Amino acid sequence: IDEVAIYNRTLSAAEILNHYRLGEGKYYWKVNATDGSLSNESSIFEFTVDQTPPTWSDNQTNNTAPNQNDVVQFNITWNDTYALSSYKFSWNDSGSWVNVSNVSISGTSYTAVENQTVTASAGTIGYKWYANDSADNWNESDIFTFTLPSDAPVITLNDPQNNSFTTLNWSLLN
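Read on for an overview of the structure. Note that this is a predicted model, so its numbers are computed, not measured. Position labels on residues start from 1 in each chain and follow its written sequence. At least 70 in pLDDT is required for a residue's local features to be given in this predicted model, at least 80 for side-chain atom pairs to be given and counted, and no such filter applies to totals for whole chains, interfaces and linings, which use all residues. Think of the side-chain values as coming from all heavy atoms in the structure, minus any hydrogens and water.

**Quick notes on the overall build of the protein chain**
When helices and strands are tallied, the protein chain shows one helix and twelve strands. Numbering goes from the N terminus for both helices and strands, where a helix is a DSSP run of H or I of at least four residues and a strand is a run of E of at least two. Its helices and strands in sequence order give the protein chain the pattern α-β-β-β-β-β-β-β-β-β-β-β-β, from N to C terminus. Remark: exposure states derive from per-residue accessible area (1.4 Å probe, protein chains only) relative to the maximum for the residue type, with buried under 20%, exposed over 50%, and partly exposed in between. Residue burial in the protein chain is summarised as follows: out of 174 residues, 23% are buried. For the protein chain, the accessible surface area stands at approximately 12,700 Å², while carbon and sulfur atoms represent 48% of it. All accessibility values rest on the Shrake-Rupley procedure with a 1.4 Å probe; residue burial counts only the protein chains present in the view.

**Looking at the nonpolar core**
Buried Ala, Val, Leu, Ile, Met, Phe, Trp, Tyr and Cys residues form a nonpolar core when they are joined through side-chain atoms within 4.5 Å. Membership of the largest hydrophobic core comes to 19 residues, with the highest contact counts inside it found for F74, W78, Y87, W91, Y127, W129 and F146. Mapped by element, the contributors of at least two residues to this core are β6 (71-79), β7 (84-91), β10 (123-133) and β12 (144-148). Note on contacts: a residue pair qualifies if any of its non-hydrogen atoms lie within 4.5 Å across the two residues. Each residue touching W91, except ones within four places of it in the same chain, is listed here: F74, S96, W97, V98, V100, Q116, T117, V118, I125, G126, Y127 and F146.

**What to know about the pattern of salt bridges**
Salt bridge, as used here, is a side-chain nitrogen of Lys or Arg placed within 4 Å of a carboxyl oxygen of Asp or Glu. Summed over all chains, the structure comprises four salt bridges. In this structure, E41 engages K30 in a salt bridge whose closest nitrogen and oxygen atoms are separated by 3.1 Å. One end of the pair, E41, is in strand β3 (residues 39-41); the other, K30, is in the loop between β1 (25-29) and β2 (32-34), with eleven residues separating them in the sequence. Take E41: its relative accessible area is 44%, and that puts it in the partly exposed class. By relative accessible area, which is 45% here, K30 ends up partly exposed. Residue E140 pairs with K128 through a salt bridge whose shortest N-O separation is 2.8 Å. A residue pair is termed long-range when its members are at least 10 positions apart, and E140 in strand β11 (residues 138-140) and K128 in strand β10 qualify at twelve residues. Its relative accessible area of 38% is what places E140 among the partly exposed residues.

**A word on the sheet that holds strand β5 (residues 55-61)**
Any two strands are treated as partners once DSSP identifies two or more bridges connecting them. Strand order in the open sheet formed by three strands is β5-β6-β9, with antiparallel pairing between adjacent strands. Every other strand in the sheet has two partners, leaving β5 and β9 (109-117) as the edge strands with one partner each. Each strand of the sheet is rotated relative to its neighbour by a mean of 20 degrees, with strand direction disregarded. Pairing analysis gives nine bridges linking β6 to β9, with the strands arranged antiparallel. For Q73, the partnering residue across the bridge sits in β9 and is N115. Think of each axis as a best-fit line through the C-alpha atoms, taken over the contacting stretch in the case of a helix, with angles from 0 to 180 degrees between the N-to-C directions.

**Brief notes about the environment of N32**
For N32, the location among the structural elements is in strand β2. Placed eleven residues apart in sequence, N32 and S43 show a C-alpha to C-alpha distance of 9.5 Å. If we skip the residues at most four places from it in the chain, N32 touches S39, N40 and E41. In terms of polar contacts, N32 uses its side chain to reach the side chain of T34, at 3.4 Å. Here a polar contact is taken to be a pair of N or O atoms separated by no more than 3.5 Å, where protein atoms must pair a possible hydrogen donor with a possible acceptor and residues adjacent in sequence count only if both atoms sit in side chains. A polar side-chain atom of N32 sits 3.4 Å from a polar atom in the side chain of E41.

**Looking at the environment of G23**
Inspection of the secondary structure puts G23 in the loop between α1 (13-20) and β1. What makes G23 partly exposed here is its relative accessible area of 39%. Sequence separation of G23 and T48 is 25 residues, and the distance between their C-alpha atoms is 9.6 Å.

**Some remarks on the packing of aromatic side chains**
Working definition: an aromatic ring pair is given by the centre-to-centre distance plus the angle between the planes. Whether two aromatic rings pair depends on their centres lying within 6.5 Å, for rings of Phe, Tyr and Trp, where Trp uses its six-membered ring; planes under 30 degrees apart make the pair stacked, over 60 edge-to-face, and the rest tilted. Evaluation of the coordinates by the stated rule reveals 14 aromatic pairs. Geometrically, the ring pair formed by Y27 and F47 is stacked, given 5.5 Å between the ring centres and 20 degrees between the ring planes. Residue Y27 is found in strand β1, and its partner F47 is found in strand β4 (residues 45-49); the two are separated by 20 residues along the sequence. Among the residues examined, Y27 registers a relative accessible area of 24% and is labelled partly exposed. Judged by relative accessible area, which is 34%, F47 ranks as partly exposed. Between the aromatic rings of Y127 and F144, the centroid separation amounts to 5.6 Å while the plane-to-plane angle is 35 degrees, which identifies the pairing as tilted. Here Y127 is found in strand β10, whereas its partner F144 is found in strand β12, with 17 residues between them in sequence. Of the two residues, Y127 and F144, both sit in the buried class. Taken together, W56, F74, Y87, F89, W91, Y110, Y127, W129, F144 and F146 form an aromatic cluster joined through their ring pairs.

Here it is in structure tokens:
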């Protein structure tokens with residue numbers, strides 16, 4: 001025993017737990033056994049307490065107003081204090097949210113890149129990212145959106161009638 005504390009009262013459960021809780025960081029330990037004449041010591045072991053999820057930055061896309069069938073590239077950078085593990089890219093191009101990727105990654109910083117083909121013909125498309133670290137702490141980005149242009153207008157000519165001809169000059173502005 002290398003630490004002793006004497007209290008002149010009963011400790012609460014929270015106070016007892018606080019004696020054993022470790023803050024975030026790397027910890028090292030070893031075992032030393034002695035019987036009075038012989039001594040033996042283990043190697044040094046390490047473990048990490050990590051309760052902080054990865055953070056994200058630099059969300060970017062190469063096309064903020066794509067059309068149907070365009071390929072759009074999405075990018076985001078993930079950072080973690082200790083070790084990243086994976087990311088997912090999710091979007092609602094089909095009308096429902098779908099995780100379209102689940103990629104294993106490593107290191108403390110990673111720029112994720114996803115290329116997706118827009119299949120929707122109109123409307124607002126949302127997308128977001130998820131990532132976790134080696135301690136399985138998860139984080140997700142904000143939801144980002146882009147709007148597809150509406151279909152071209154349908155033009156119906158009501159005049160002239162009965163196969164007659166009329167000369168007109170006109171302009172259509174969108």
